[in-house]
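In case you want the letters, here they are:
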Amino acid sequence: MQSQTTPGDGAPADPGALAARDIADVPAAELITTTAVHLMSAAAVKCGLAEGPDAREHLDLAEARILITALAGLVVTSAPDIGGQHARSLRDGLRSLQLAFREASDVPDEPGKGPGERLTGSVV
């Protein structure tokens, strides 16, 4: 295994410092959208939207509810700061997941009571 060195002096670099330097170069909007995409992907799988013959095996609406609510919190609170284009895309994805959750549920929540709807308002 090769050790990483800092530029110039050849001394071993602190992995934490390297990670901090790498993350420091990433704009906040990119970090937020990347995190949102991970939450969306996980929620989609838990709503049974994965591709393949075993997609329904991954259905877990309790987990999907948590992921969608977390996504709603991230989207709603960050939207004013990340810009219209990013926020619009995230809101659209969130709404699609909220509707998919309703469709997958045998006993739909009342309007305004679905995952994340206390933050976004009713999607129906």
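Residues numbered from 1 in each chain as written. Predicted model: local features only at pLDDT ≥ 70, side-chain atom pairs only at ≥ 80, totals over all residues. Heavy atoms only, no water.

**Quick look at the pattern of salt bridges**
- By the definition in use, this model includes two salt bridges.
- Residue Arg 65 pairs with Asp 109 through a salt bridge whose shortest N-O separation is 2.8 Å. Taken together, the residues Arg 65 in helix 3 (residues 61–82) and Asp 109 in the loop between helix 4 (84–104) and helix 5 (117–120) connect sequence positions 44 residues apart.
- Note that Glu 117 is salt-bridged to Arg 102, the shortest N-O span being 3.1 Å. Taken together, the residues span a long stretch of sequence, with Glu 117 in helix 5 and Arg 102 in helix 4 at a distance of 15 residues. For the pair formed by Glu 117 and Arg 102, the shared burial category is buried. (Salt bridge = Lys/Arg side-chain N within 4 Å of Asp/Glu carboxyl O. Helix = DSSP H or I, 4+ residues; strand = E, 2+ residues; numbered from the N terminus. Buried < 20%, exposed > 50% of the residue type's maximum accessible area, 1.4 Å probe, protein only.)

**A closer look at the packing of helix 2 (residues 28–46) against helix 4**
- With their axes 11 Å apart at the nearest point, helix 2 and helix 4 run at an angle of 15° to one another. The angle between helix 2 and helix 4 places the two elements in the roughly parallel class. Our pair here, helix 2 against helix 4, has a crossing hand that is left-handed. Along the contact surface, helix 2 presents Ala 29, Thr 33, Ala 36, Met 40, Ala 43 and Ala 44, while helix 4 presents His 86, Ser 89, Leu 90, Gly 93, Leu 94 and Leu 97.
- Taken together, the residues of the contact of helix 2 with helix 4 break down into eight nonpolar, four polar and no charged. (Axes fitted to C-alpha atoms, helices over the stretch in contact; angles between N-to-C directions. Parallel < 35°, antiparallel > 145°, perpendicular 65-115°, else oblique. Left-handed = near helix turned anticlockwise from the far one by under 90°. Contact = heavy atoms within 4.5 Å. Nonpolar A, V, L, I, M, F, W, Y, C, P; charged D, E, K, R; others polar.)

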